[in-house]
Amino acid sequence: MYIFSMNNPFFRFVGKVVDLVCVNILTLLCAIPVVTAGASFTAMYRVLIRMAVHEGGTITRDFFKEFKNNFKKATAVWMPLLVILTILLSNAWLMRQGVLEKFGSLYVLVGISIGLIAIFTLIFMQYYFSILSRYQTNIKNAVKNSLLLMFAYFPKSICMLIIGFSPIALMMISDYFVWFWFLYGFSFPGYFTAMLMGNIFLSLEEKEGKAGAGSDGQSTV
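Residues numbered from 1 in each chain as written. Predicted model: local features only at pLDDT ≥ 70, side-chain atom pairs only at ≥ 80, totals over all residues. Heavy atoms only, no water.

## A word on the overall build of the protein
The condition that has to hold: Under the DSSP-based scheme used, a helix requires at least four consecutive residues in state H or I and a strand at least two consecutive residues in state E, with every element numbered from the N terminus. Burial classes: relative accessible area under 20% of the type maximum marks a residue as buried, over 50% as exposed, and values in between as partly exposed (1.4 Å probe, protein chains only). Residue contacts are defined here by distance: any two heavy atoms, one from each residue, within 4.5 Å place the two residues in contact. Computed with the Shrake-Rupley method and a 1.4 Å probe, the accessible areas treat only the protein chains shown as cover for residues.
Counting its secondary structure elements, the protein contains ten helices and zero strands. Going from N to C terminus, the protein has its helices and strands arranged as α-α-α-α-α-α-α-α-α-α. Looking at the 221 residues of the protein, the share that counts as buried comes to 40%. Taking the intrachain contacts of the protein between residues at least 6 apart in sequence as the baseline, contacts between residues at least 24 apart amount to 70%. Of the roughly 12700 Å² of accessible surface on the protein, a fraction of 70% belongs to carbon and sulfur atoms.

What follows is the structure, given as structure tokens:
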């Protein structure tokens, strides 16, 4: 009977929920050492984008294959990003403690600067790890294309930022949402981000296909 078929919408939904839990657990485990977080995010986007554009694949095998293949390129950019984020969080903490209030109007300028730098850094991270996960490219091209795409698709970039970091906002609202972080904190918002990212990539690939692919076989995104 169709109601018991695995193609039933209910079972497909349950299957995707379970898949997202698996992706989240893999991402968390591989990001625990912190240094490996960049490679973990890259592997996560590899799996989620393929899920979002219905390209199939195996979650565990694809995840660890991507983690291994792009470890160096992901980590090379993740480490400076980690330093930037640490500095931003430190300054934000100092502002919250009122340490910087004595600087008067400079306090407001610092707050705005921290916010803007954080926004662009987080958006850049989403693009960089996604590009790295989908295309065979070097660090220079991945960085360049990440910067180009984040401004070329700025409205979508803002949407991806809001979606991608919504779990943090939920945890700030209530401690009850901490459980969500362990089950879906990365994979759930990452999946909807991957849907937007996947549409961008497919659109660019279609245009590039019409214009003719490069002779070196690497996509310019």
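## Description of the confidence of the model for the protein
Selection criterion: What pLDDT conveys is the predictor's confidence in a given residue, as a value from 0 to 100.
Taken as a whole, the protein shows an average pLDDT of 86; of its residues, 87% reach a score of 70 or greater. Predicted confidence for residues 213-220 stays below pLDDT 50, and this span has seven contacts to residues more than four positions away or in other chains.

## As for the packing of aromatic side chains
The description of an aromatic ring pair rests on the distance of the ring centres and on the angle between the ring planes. For clarity, the threshold we go by: Any two rings among Phe, Tyr and Trp, with Trp reduced to its six-membered ring, count as a pair given centres within 6.5 Å; such a pair is stacked if its planes are under 30 degrees apart, edge-to-face if over 60, and tilted if neither.
A full pass over the atoms with the stated rule returns 14 aromatic pairs. Ring centres of Tyr184 and Phe188 lie 6.1 Å apart, and the angle between their planes is 70°; on these two criteria the pair is classed as edge-to-face. By relative accessible area, Phe188 is classed as partly exposed at 35%. Among the aromatic residues, those joined into a cluster by ring pairs are Phe41, Trp78, Phe124, Tyr128, Phe129 and Phe186.

## Considering the side chain of Ser157
Its place among the elements puts Ser157 in helix H7 (residues 154-164). By relative accessible area, Ser157 is classed as buried at 0%. When residues no more than four places from it in sequence are discounted, the contact partners of Ser157 are Ile123, Tyr127, Leu149 and Met150.

## Some points on the pattern of salt bridges
What counts, and what does not: Within this document, salt bridges are pairs made up of a side-chain nitrogen of Lys or Arg and a carboxyl oxygen of Asp or Glu, the two lying within 4 Å of each other.
In total, this model carries four salt bridges according to the counting rule given. Ionic pairing is found between Glu205 and Arg134, a salt bridge with its closest N-O pair at 2.8 Å. Of this pair, Glu205 sits in helix H10 (residues 187-211) while Arg134 sits in helix H5 (residues 105-134), and the two are 71 residues apart along the sequence. Residues joined in a network through salt bridges with shared partners are Glu55, Arg134 and Glu205.

## A few points about unusual backbone geometry
At Val34, a residue that is not glycine, the phi angle is positive and equals roughly 70°. When you line up the elements, Val34 lands in the loop between helix H1 (9-31) and helix H2 (37-52). In the Ramachandran plot, His54 falls in the positive-phi region, its phi being about 60° despite a non-glycine side chain. Mapped onto the secondary structure, His54 falls in the loop between H2 and helix H3 (59-69). Residue class for His54 comes out exposed when judged on its relative accessible area of 66%.

## Examining the layout of surface pockets
Note the following rule: A cavity here means a set of points on a 1 Å grid, drawn over the protein atoms and nothing else, where a 1.4 Å probe fits but cannot get out; a pocket is an open set with protein on both sides within 12 Å along at least five of seven lines, and a residue lines either one if it has an atom within 4 Å of a point. Grid points are joined across faces, edges and corners, and a volume is the space filled by probe spheres set on the points. All amino acids are sorted into three groups, where Ala, Val, Leu, Ile, Met, Phe, Trp, Tyr, Cys and Pro are nonpolar, Asp, Glu, Lys and Arg are charged, and the leftover types, Gly among them, are polar.
Here the largest pocket is characterised by a volume of approximately 1300 Å³. Forming the boundary of the largest pocket are 39 residues, of which Leu85, Leu89, Leu122, Phe165 and Ile168 lie nearest the centre. Counting only elements with at least two residues in the lining of the largest pocket, the list comes to H1, H2, helix H4 (71-96), H5, H7, helix H8 (166-173) and H10. Residue composition of the lining of the largest pocket, by class: 31 nonpolar, seven polar and one charged.

## A closer look at the nonpolar core
The condition is simple: For our purposes a nonpolar core is just a set of buried Ala, Val, Leu, Ile, Met, Phe, Trp, Tyr and Cys residues, chained together by side-chain atoms within 4.5 Å.
Grouped together as the largest cluster of nonpolar side chains are 54 residues, with contacts concentrated most on Leu48, Trp78, Tyr127, Phe129 and Phe201. Apart from the residues within four sequence positions on either side, Trp78 is in contact with Val34, Val35, Ala37, Gly38, Phe41, Leu85, Met125 and Phe129.

## A word on H3
Test applied: By construction, the arc corresponds to the directions joining the helix axis to the C-beta atoms.
Within H3 the residues assigned to the buried category are Ile59, Asp62, Phe63, Glu66 and Phe67. End-on view of H3: buried residues confined to an arc of 130°, all on one side of the axis. Exposed residues pointing more than 90 degrees away from the buried face of H3 are listed as Arg61, Lys65 and Lys68.

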